[in-house]
Structure formats: structure tokens, C-alpha cells
Amino acid sequence: MRRPPPGAGVEHLLRTEAPQVLGALTRRFGRFDIAEDAVQEALIVAGQRWPAEGVPQDPRSWLIRVGYRRMVDLLRAEQARHRREQEVGRTELALGTPERRAAPAGSTDDSLTLLLLCCHPRLSPVSQVALTLRAVGGLTTAEIARAYGTSEATMGTRISRAKQQLVRDGARFVPATDADRRERTEAVMRVLYLIFNEGYTASSGESLARRDLSEEAVRLARLLHAADPDNAEAAGLLALMLLIESRHGARTDADGALVPLESQDRTRWDQELIREGTRLLDAVWDPRGTGTGPYQFQAAIAALHAEAPAPELTDWPRIAMLYLWLERLTPTAPVRLSRVVAVARAFGPTRGLTLLDTLCRRHALDRDPLVRHHERAVRAHLTRMTGDTAGAAALYREAATLTANGAERRYLLTEAERAGEPLPDGSSLATRPPAPPALDGTPPLHHPFTT
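### A few points about the overall build of the protein chain
Here is step 1: On a plain count of helices and strands, the protein chain comes out with 19 helices and zero strands.
Here is step 2: Relative to its full complement of 451 residues, the protein chain shows a buried share of 54%.
Here is step 3: The contacts in the protein chain between residues at least 6 apart in sequence include a share of 68% that link residues at least 24 apart.
Here is step 4: Total accessible area on the protein chain stands at roughly 20200 Å², and carbon and sulfur atoms take up 50% of it.

Pasting the structure below:
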């Protein structure tokens, strides 16, 4: 046994090895649904034993061996309950050896195959995300449940149903064919984007971010890019995540309060991540825009923010133009609201409010559940910039009632008082300096007004 070196956490090692162990067991037994349960139990055993006993010399083989034993038990229990003829024939091939020996650890990287399987088109987006986090990310059901603000039992049921759906559809653990690789890869990118968004600004809870989720999304995006290096959108997605994640250390203050982009200490931005993200984007960016996808456009916007040495030097007109192109590709509510922010920054709050009113009439942004509270917050910022402080305060308060994130709520209530309306508890922030309007407009697009 060997002790992990300082800084090399057991948790990171387990998450790295989880897809390889799952791939080995699924390939041997042909049963993804049961293999995934066996791997989760092997990870739990390792998480309990390795910190105290040390990491084995060959962690993957250790995990495969423990998972193999648990899978044998699960399969035998299933046989006793069901005796399904087709499954018995396949299972007996794996159980025919007299010894419970695990399959040798292979050198094949199964991560992409697992990602494609977990993002099967018959699964709902929520199920795709949950199954990806469990099977490829190595997160426990309890961790995924906490991320989505639900109970472990509810999330366990959702994951179980997703695996049963794969069995019913006859989904197999095989590499994607050329015919469906593009569609399945697009699903994988969409799932990783959703995971990163939830980590970047949590949909509920008192903390602004869920770093475990954003870091896991970055790790999986690296795997996707490594497995498909010629995919420009996969490179764009990874670049986007790295550029956004570079600001993590400056997004909150010592008390965990949200710090708007314009107030952030840019010396705390991670320059290594910025350089890596910029290199990735430069390698695939077509200045003519021909064939450029939405993740590349978002990465380009993030890069413009990252390269600005000071907030007032941000190239907002160019950002507004990029959002216009992005809206033509993906005409969604978050993209449209982000364009409002960029237009207001580039050409003034009155023009921004005019565009916002137009988009609300045409596309009901103020009633869209995905951006409803962000629409109120953006409108509040622009209203305050026009001098209507009372109207801005009311809008801030309305936005605060619509968000389930505690850090966002506290920020919005603080801005309401700064705009002229006291907080509900009667406390005063008059002695604190006013914060600049937190109109960001940077991706992830679920959060176009914050950090």
C-alpha cells in the first residue's frame, strides 16, 4: 500500500478511476445497470479504507476486484429472484470461472463511451445529468441529491429509473457509431454545461457556488476534449469553463457575499486557467464565424472579459455583437437577456431598457422561469442607472423573492437598500460604500447579471 502524496486527495483519485472500473465491469458482464451499483459500493469501501490504510499500488485493479465481487453477489441475487433466461446465459459466462477473479485492468479509457451512454437521448436532461455524475463523476447519490436540493431517496429513484430505461431500450456499452456520434456528443456537451452552470451559481442553498460540481464539469470536459480533439465545440466548451472558473477566487468576499464582476480583484483571477482557455479558443476560432458554435461564441465573450485589465476597458460593443450572433444560433431566454446587458453596457441604460421591453413583449422574458428573477434584477440595475432609485429598489426586492440562492438574495436585498429602500429587518447599510451595478452579461448564461 502507498500513502497518497500531499495534495493528491483520495476523492479525486476515486473519481478519476470510477469510469475505468465501470467500463471494465460492464464490458465483462454486459450489464451497465448492475455494474454501476457495484462500482458505487466499491468506491464507498475505498473511501472508508484508503485514507486510513493507504492507497493500493494499483488502485484501479483493487477497485475492479472489489466491484467484481459485489457484482457477482448482485447478479446471483437477481438470478434467484428472476431467472430470466437471456440474462442467465450472459451471466453464466462471467460466473463460470471457479475463482472470483476480477478482469485485468485494461488500458482502454472508457470515459467517453460512458458519457455517451449516460446521455442516451431517451433519458430526460435531469436523468442524464444525475447518471453522468454518478457513473462517470463518481459522486454518490447523496452528493447528487444535495446538489439538486432533493432527498437521497428521490434521487436514488430517479437514477434507478434512468438505468431501467437504458435496459428497456437495449442500450449497450459500445463506442458510438459515426452515425450517432455527433448527436450523442452534443448531448454530452449539453449535460456538462448544465452541471457547470449548477456549480457556478447553485439553484438553491446559502452558498453562491457548488465548487464540487463546477470542478467535476471541467474534469469531464477535459476528458471529452481529449477523446475528440478535432471537435471545435468540445474545445470551445472547455475553454468557456476554464475562463469562467478562473474568476472563482474573486466572486465572493471573506463572508461569502457575492462580489459583482466590476468590483472583483482581478489580481485574484487564475491566470493559468485564462491562458489555457484562451489557447484552446484561439486554436479553433474562425474569425469569419463560419461554422462557429454556441460554446465557442460564449468562450469568446468570456475571453473578452478576461483580457480586460480593468472593468472600464471591457469591449462591450464587441460583446454585444457576439451575443447577437449567439442569439441567432440559440434564441433562448438566457441569451436574449445577456444581450440586453451587453447593449446597455455598450450604448447606455435607456437603450438597454428599450430592448428589454421589446424582448419581454415578444418572448415573455419576464415570465420565463429560467430567467424571471434575472430579468427583474437586470431591469432594476438599468432603472437605477436612469436615476429612478425608488423603482429600482422595488425591482430588486421583487427579484430577491424569486431566487432560491441565499447569496444572490442577500446581494439583491443589499442593492435594494442602496437604491433607497430599507431591508426587512430595519438594519442599515448606509455606512457602506455603494456597489457598482452588477451588470455582467458573461456566461454561463443562466446568470447574466452577476459574476
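### Section: the packing of aromatic side chains
Here is step 1: All told, the structure shown has six aromatic pairs when counted by the stated rule.
Here is step 2: Centroid distance W50 to W62: 5.2 Å. Interplanar angle 65°. Geometry classified as edge-to-face. One end of the pair, W50, is in helix 2 (residues 32–53); the other, W62, is in helix 3 (residues 59–82), with twelve residues separating them in the sequence. Grouping residues by exposure puts W50 and W62 together as buried.
Here is step 3: Members of the aromatic cluster, joined through ring pairs, are W285, F297 and W325.
Here is step 4: Here the guanidinium or amino end of R247 rests over the ring plane of W269, the centre of that ring lying 5.8 Å away.

### So, the pattern of salt bridges
Here is step 1: Scanning all chains against the criterion turns up 21 salt bridges.
Here is step 2: With a shortest N-O distance of 3.0 Å, E36 and K163 are connected by a salt bridge. Remark: K163 occurs in helix 8 (residues 152–168) and E36 occurs in helix 2; sequence separation between them is 127 residues.
Here is step 3: Judged by relative accessible area, K163 falls into the buried class, the value being 6%.
Here is step 4: Here R379 makes a salt bridge to E375, at a shortest N to O gap of 2.8 Å. Of the two residues, R379 and E375 are both situated in helix 17 (residues 372–385); the distance of four residues between them amounts to about one turn of the helix.
Here is step 5: Note on E375: relative accessible area 2%, which makes it buried.
Here is step 6: Salt bridges sharing common partners tie together D357, E375, R376, R379 and E398.

### Section: the side chain of T185
Here is step 1: Inspection of the secondary structure assignment puts T185 in helix 9 (residues 178–200).
Here is step 2: Dropping the residues within four chain positions of it, T185 is found in contact with L116, L224, D228 and N231.

### Description of the packing of helix 1 (residues 10–29) against helix 2
Here is step 1: Two elements in contact, helix 1 and helix 2, have axes whose closest approach is 9 Å; the angle formed by their N-to-C orientations is 150°. When the axes of helix 1 and helix 2 are compared, the pair comes out roughly antiparallel. Considering how the two elements wind past one another, helix 1 and helix 2 form a crossing that is right-handed. Of the residues in helix 2, those in contact with V10, L13, L14, A18, V21, L22, L25 and T26 of helix 1 are F32, A35, E36, A38, V39, L43, A46, G47, W50 and P51.
Here is step 2: Partitioning the contact of helix 1 with helix 2 into residue classes produces 15 nonpolar, two polar and one charged.

### Side note on unusual backbone geometry
Here is step 1: Its identity is not glycine, yet A364 carries a phi of approximately 55°, on the positive side.
Here is step 2: Relative to the helices and strands, A364 is located in the loop between helix 16 (349–363) and helix 17.
Here is step 3: By relative accessible area, A364 is classed as buried at 19%.

### So, the nonpolar core
Here is step 1: Within the largest apolar cluster, 110 residues are counted, with the highest numbers of intra-cluster contacts made by L25, F32, L63 and L192.
Here is step 2: The residues contacting F32, other than those within four sequence positions of it, are L22, T26, L114, L117, C118, L131, A135, K163 and L166.

### Looking at the confidence of the model for the protein chain
Here is step 1: Chain-level pLDDT for the protein chain is 81 on average; 82% of the residues reach the 70-or-more range.
Here is step 2: Low pLDDT, under 50, characterises residues 98–107; the stretch is placed with 18 contacts to residues that sit more than four places away or in other chains.

### Here we look at the environment of Y323
Here is step 1: Along the chain, Y323 turns up in helix 14 (residues 316–329).
Here is step 2: We classify Y323 as buried; its relative accessible area is 0%.
Here is step 3: Each C-alpha atom, one on Y323 and one on V335, is 7.0 Å from the other, the two residues being twelve residues apart in sequence.

### A short note on the environment of E408
Here is step 1: Among the secondary structure elements, E408 is positioned in helix 19 (residues 406–418).
Here is step 2: Among the residues examined, E408 registers a relative accessible area of 3% and is labelled buried.
Here is step 3: A sequence separation of 200 residues divides E408 from L208, and the C-alpha atoms of the two residues are 6.9 Å apart.
Here is step 4: Within polar-contact distance, the side chain of E408 engages the side chain of H373 at 3.2 Å.

### Here's the deal with empty space enclosed by the protein
Here is step 1: Evaluated as defined, the whole model comprises one cavity of 30 Å³ or more.
Here is step 2: Around the largest cavity sit G199, Y200, A209, R211, S214, I244, E245, R247, H248 and R251, which together line it.
Here is step 3: Among the secondary structure elements, those contributing two or more residues to the lining of the largest cavity are helix 9, helix 10 (211–227) and helix 11 (232–245).
Here is step 4: Counted by class, the lining of the largest cavity contains three nonpolar, three polar and four charged residues.

About the criteria used
- Per chain, residues are indexed from 1 in the order of the written sequence.
- Restriction of local features to residues with pLDDT of at least 70 applies here, the model being predicted, together with a cutoff of 80 or more for giving and counting side-chain atom pairs; totals for whole chains, interfaces and linings are based on all residues.
- Calculated side-chain values reflect all of the structure's heavy atoms, with hydrogen atoms and water omitted.
- Only DSSP runs of H or I with at least four residues qualify as helices, and only runs of E with at least two residues qualify as strands; both kinds are numbered from the N terminus onward.
- Only protein chains enter the accessibility calculation, which uses a 1.4 Å probe; a residue whose area is less than 20% of its type maximum is buried, one above 50% is exposed, and one in between is partly exposed.
- Any two residues having at least one pair of non-hydrogen atoms within 4.5 Å are treated as being in contact.
- All accessibility values rest on the Shrake-Rupley procedure with a 1.4 Å probe; residue burial counts only the protein chains present in the view.
- Only Phe, Tyr and Trp rings are paired, with Trp represented by its six-membered ring, and only when their centres lie within 6.5 Å; those with planes under 30 degrees apart are stacked, over 60 edge-to-face, the remainder tilted.
- Charge-over-ring placement is defined geometrically: NZ (Lys) or CZ (Arg) within 6 Å of the ring centre, and within 35 degrees of the ring normal.
- A carboxyl oxygen of Asp or Glu within 4 Å of a side-chain nitrogen of Lys or Arg is what we treat as a salt bridge.
- Geometry is summarised by axes, namely lines fitted to C-alpha atoms with helices restricted to the contacting stretch, and by angles between N-to-C directions that run from 0 to 180 degrees.
- Our angle categories are set so that under 35 degrees counts as roughly parallel, over 145 as roughly antiparallel, 65 to 115 as roughly perpendicular, and the remainder as oblique.
- When the near helix sits turned anticlockwise from the far one by under a right angle, the crossing is termed left-handed; a clockwise turn instead gives a right-handed crossing.
- In this classification, Asp, Glu, Lys and Arg are treated as charged, Ala, Val, Leu, Ile, Met, Phe, Trp, Tyr, Cys and Pro as nonpolar, and every other residue, Gly included, as polar.
- By nonpolar core we mean a set of buried residues, namely Ala, Val, Leu, Ile, Met, Phe, Trp, Tyr and Cys, connected to one another through side-chain atoms within 4.5 Å.
- pLDDT is a residue-level measure of predictor confidence that goes from 0 to 100.
- N or O atoms within 3.5 Å of each other form a polar contact, as long as, within protein, one can give a hydrogen and the other can take it, and as long as residues adjacent in sequence are counted only when both atoms are side-chain atoms.
- Note on definitions: the grid is 1 Å and covers protein atoms alone; a cavity is a set of points where a 1.4 Å probe fits but cannot get out; a pocket is an open set with protein on both sides within 12 Å along at least five of seven lines; lining residues have an atom within 4 Å of a point.
- Grid points are joined across faces, edges and corners, and a volume is the space filled by probe spheres set on the points.

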